[in-house]
Amino acid sequence: MRKTALIALLCLSGLPGLSGLTQAAQISVAALPGGTLIYKQVQSLRERKFSNIVEQKTDFSCGAAALATILRQAYWLDVDEEQVIKGMLVNADQDLVRTQGFSMLDMKRYIESIGMRARGYKIPPEKLDAVTIPVVVLTETRGYKHFVVLQRADKDWVYIGDPVLGHKRYTHDDFVKGWNGIVFAIVGSGYEKTNALRSPPVPLTAKNKLDNFNPVKDADLMDFGFIQSDFF
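Notes on the structure follow. Bear in mind the structure is a predicted one, so any value in this text is a computation, not a measurement.

### Looking at the side chain of Thr69
- Inspection of the secondary structure assignment puts Thr69 in helix H4 (residues 62-75).
- In this structure the side chain of Thr69 is engaged in a polar contact, spanning 2.9 Å, whose partner is the backbone nitrogen of Val54.
- Dropping the residues within four chain positions of it, Thr69 is found in contact with Asn52, Ile53, Val54, Val149 and Leu197.

### Topic: the pairing of strand E6 (residues 157-162)
- Within E6, 5 of the 6 residues are buried, leaving the element largely enclosed by the surrounding structure.
- Two strands pair when backbone bridges link them, and strand E5 (residues 144-153) and E6 are joined in this way by 4 bridges, in the antiparallel orientation. Opposite Val149, over in E6, you have Gly161 as the bridge partner.
- As consecutive antiparallel partners, E5 and E6 are separated by 3 residues.
- In textbook terms, the turn of a hairpin is the stretch between consecutive antiparallel strands, and for E6 and strand E7 (residues 166-171) this stretch comprises 3 residues.

### Some thoughts on the side chain of Gln151
- Locating Gln151 in the fold gives a position in strand E5.
- Judged by its relative accessible area of 0%, Gln151 falls in the buried class.
- Only 2.9 Å separates the side chain of Gln151 from the backbone oxygen of Leu197, close enough to count as a polar contact.
- If sequence neighbours within four positions are ignored, Gln151 has contacts with Pro134, Tyr159, Ile160, Gly161, His167, Leu197, Arg198 and Pro200.

### With respect to helix H5 (residues 81-89)
- All of the buried residues in H5 are Glu81, Val84, Ile85, Gly87 and Met88. Seen from one end, H5 has its buried residues packed into an arc of 165°, which puts them on one side.
- Where H5 is buried, its residues meet H4 and helix H7 (104-113).
- Two or three places before Glu82, at the start of H5, stands the capping residue Asp80, its side-chain oxygen 3.3 Å from that residue's backbone nitrogen.

### Examining the environment of Tyr191
- Relative to the helices and strands, Tyr191 resides in the loop between strand E8 (179-187) and helix H9 (206-211).
- Taking relative accessible area as the criterion, Tyr191 reaches 24% and is therefore assigned partly exposed.
- Taking the C-alpha atoms as reference points, Tyr191 and Ala74, 117 residues apart in sequence, are found 5.6 Å from one another.
- Residue contacts for Tyr191: discarding those within four places in its chain leaves Ala74, Tyr75, Thr132, Ile133, Pro134 and Arg198.
- Side chain to side chain, Tyr191 and Asn195 meet in a polar contact 3.1 Å long.

### Remarks on the sheet that holds strand E3 (residues 117-122)
- On the basis of which strands lie adjacent, the open sheet formed by 6 strands has the order E3-E8-E4-E5-E6-E7 and antiparallel pairing. The sheet is open, and its two borders are formed by E3 and E7, each paired with just one other strand. Recorded for the sheet is a direction-independent mean angle of 35° between the axes of neighbouring strands.
- Two strands pair when backbone bridges link them, and strand E4 (residues 135-141) and E8 are joined in this way by 3 bridges, in the antiparallel orientation. If you follow Thr139 over to E8, its bridge partner there is Trp179.
- Docked against the sheet, H4 engages E4, E5 and E8, running at close to 20° with respect to E5.

What counts, and where the lines are drawn
- Residues numbered from 1 in each chain as written.
- Predicted model: local features only at pLDDT ≥ 70, side-chain atom pairs only at ≥ 80, totals over all residues.
- Heavy atoms only, no water.
- Helix = DSSP H or I, 4+ residues; strand = E, 2+ residues; numbered from the N terminus.
- Polar contact = N/O pair within 3.5 Å; in protein donor to acceptor, adjacent residues only side chain to side chain.
- Contact = heavy atoms within 4.5 Å.
- Buried < 20%, exposed > 50% of the residue type's maximum accessible area, 1.4 Å probe, protein only.
- Pairing = 2+ DSSP bridges.
- Arc of directions from axis to C-beta.
- Axes fitted to C-alpha atoms, helices over the stretch in contact; angles between N-to-C directions.

And the structure:
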């Protein structure tokens, strides 16, 4: 029991040795002759997983986190999940919110209250790749309904920014199984066409790492000072 409590205290204390496990940091590597240190910026797996995505903090705020994600990344608005929740509660039925969460109507009213437009469009699955802006979509998995951000789609994959799971990638068939066929689009001035949501990170898998591995050619090594006899 005492050991468990000590570990908990260490996690809360923000010691440098522990914070580096979950936060970006610089690491030093003795990679140059004479042990000279070089510094490399590193990113934790969790930070990569939620890069450019607002993570939801409550069990009913997936819609608020999804809206905040798009407003921050595509429109450069300085909003967070809490601000969006408060804005949506102004016109929402709070009893329904407590039991069912926010609806697309609540989201629409909030977006219009900040001077932007919101539209829901029903589109066929084969037209998903024609959606060229990040949009909010409602998915259902095993009876659980959940708002996420559809970042982009191509012929093989649908890329999702999930407020709970972070960046996810699904096949078209898997995504369509739980999707209600509607995209919720936010339209307003100041849209950033090259926003980060349109370029989700490549999934971190061993296969990706192996596919990107290419042996260094002899000619490249010789450019770094190696001589022919070093290769025999």
